[in-house]
Amino acid sequence: RIYSTPEELERAIREAAGKGFAARVAAGFCWPWSEPRVDGTLVDDVVVGDYKRPWDAKPGNWKLAPGIPSAALWATDPNGIDQIGCVYNIQGFELDYMGVIWGRDLVYRFKENGWVGNKQESADSVVKRSGEKFVELVKNTYRVLLSRGMKGCFVHFMDPETEQFFRSRIE
């Protein structure tokens, strides 16, 4: 399903989780991934208009505030639903429902009849340095994110033309 806002997408994920399904929201790596604050709370790095959420905790020996799961537990701890997963922590997990916020780092352009990578929209320093492989690597990121939901996948596209492309393929 495609949702017009990240709030609607999160609502659907929370509804699925409320029914006992494993469900989380993840996003393309289009925002910085901050270190936890001194008090162990997470920074609201993922911002889409008025929608603001923190990434899941970075792997490492961080002293996280109570109720914030470590990176290894993000997908299974009930409190993980309050953070946005990134490709680096979601690999290897299969959930019942996956919500994906598709950023502007990879967009479809009908004029070019293909995918266009926007390095300036990416916060993934490794992928940004990949030269000509940028589009291929970001495609793989979204392939991983979209394939984590075994029963269903919900998506919010930040780019209207990319959403239009997907709608043209699923309707």
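Above this note sits the structure.
Here the structure is a predicted model, which means the values were calculated and not measured.

Chemist: Whenever I open this one, empty space enclosed by the protein confuses me. Can you help?
Modeler: Empty space among the atoms can be located by rolling a probe the size of a water molecule over them. Taken as a whole and assessed by the stated rule, the structure comprises 2 cavities of 30 Å³ or more. There is about 50 Å³ of room inside the largest cavity. What lines the largest cavity is Trp33, Ser34, Leu42, Val43, Asp45, Pro54, Trp55, Asp56, Ala57 and Lys58. By residue class, the composition of the lining of the largest cavity is 6 nonpolar, 1 polar and 3 charged. Quantified by volume, the second largest cavity comes out at close to 40 Å³. Every residue lining the second largest cavity is listed: Phe29, Asp105, Ser122, Asp124, Val127, Val138 and Thr141. Partitioning the lining of the second largest cavity into residue classes produces 3 nonpolar, 2 polar and 2 charged.

Chemist: Sorry, what's going on with the packing of aromatic side chains here?
Modeler: For any two aromatic rings, the description comes down to two numbers: the centre-to-centre distance and the angle of the planes. The final tally for this structure, using the stated rule, is 19 aromatic pairs. Geometrically, the ring pair formed by Phe157 and Phe166 is tilted, given 4.8 Å between the ring centres and 35° between the ring planes. Residue classification places Phe157 among the buried positions, given a relative accessible area of 4%. Owing to a relative accessible area of 22%, Phe166 belongs among the partly exposed residues under this scheme.

Chemist: Could you clarify how one ought to interpret unusual backbone geometry in this entry?
Modeler: The bulk of non-glycine residues show a negative phi, and the bulk of peptide bonds are trans. At Asn113, a residue that is not glycine, the phi angle is positive and equals roughly 55°. Topologically, Asn113 is positioned in the loop between strand S6 (106-109) and strand S7 (114-117). Asn113 sits in the exposed class, given a relative accessible area of 62%.

Chemist: Mind showing me how you'd approach the sheet that holds strand S8 (residues 149-157) here?
Modeler: Remark on secondary structure: sheet strands pair via backbone hydrogen bonds, oriented parallel or antiparallel. Across the sheet, which stays open at both edges, the 4 strands sit in the order S4-S1-S5-S8 with parallel pairing between neighbours. Looking at the sheet topology across the chains shown, the edges are occupied by strand S4 (84-85) and S8. Relative to S4, strand S1 (residues 23-27) is paired through 2 bridges, and the arrangement is parallel. Counterpart to Val25 in the pairing with S4 is Ile84.

Chemist: What is the right way to look at the environment of Ala22 in this model?
Modeler: Here Ala22 shows up in the loop between helix H1 (6-18) and S1. For the pair formed by Ala22 and Pro59, sequence separation is 37 residues and the distance between their alpha carbons is 21 Å. Excluding residues that lie within four positions of it along the chain, Ala22 makes contacts with Leu95, Asp96 and Tyr97.

Chemist: How do you make sense of the pattern of salt bridges when you look at a structure like this?
Modeler: Working definition: two side chains of opposite charge can pair if their charged atoms are close together. Scanning the entire structure with this criterion turns up 9 salt bridges. Glu35 is paired through a salt bridge with Lys58; the nearest N and O atoms lie 3.1 Å apart. Here the residue Glu35 occupies a position in the loop between S1 and strand S2 (46-48), and Lys58 occupies one in the loop between strand S3 (51-53) and S4, the gap between them amounting to 23 residues. A salt bridge links Asp159 to Arg109; the shortest N-O distance between them is 2.9 Å. Residue Asp159 is found in the loop between S8 and helix H5 (160-170), and its partner Arg109 is found in strand S6; the two are separated by 50 residues along the sequence. Of the residues examined, Asp159 reaches a relative accessible area of 9% and is grouped as buried. Connected through shared salt-bridge partners, Glu10, Arg14, Arg53 and Asp82 make up one network.

Thresholds applied
Residues numbered from 1 in each chain as written. Predicted model: local features only at pLDDT ≥ 70, side-chain atom pairs only at ≥ 80, totals over all residues. Heavy atoms only, no water. 1 Å grid on protein atoms, 1.4 Å probe; cavity = no way out; pocket = protein on both sides within 12 Å on 5 of 7 lines; lining within 4 Å. Points joined across faces, edges and corners; volume = space filled by probe spheres on them. Nonpolar A, V, L, I, M, F, W, Y, C, P; charged D, E, K, R; others polar. Phe/Tyr/Trp six-rings, centres within 6.5 Å; stacked < 30°, edge-to-face > 60°. Buried < 20%, exposed > 50% of the residue type's maximum accessible area, 1.4 Å probe, protein only. Helix = DSSP H or I, 4+ residues; strand = E, 2+ residues; numbered from the N terminus. Pairing = 2+ DSSP bridges. Contact = heavy atoms within 4.5 Å. Salt bridge = Lys/Arg side-chain N within 4 Å of Asp/Glu carboxyl O.

Remember that the coordinates give geometry; whether it matters functionally is a separate question.
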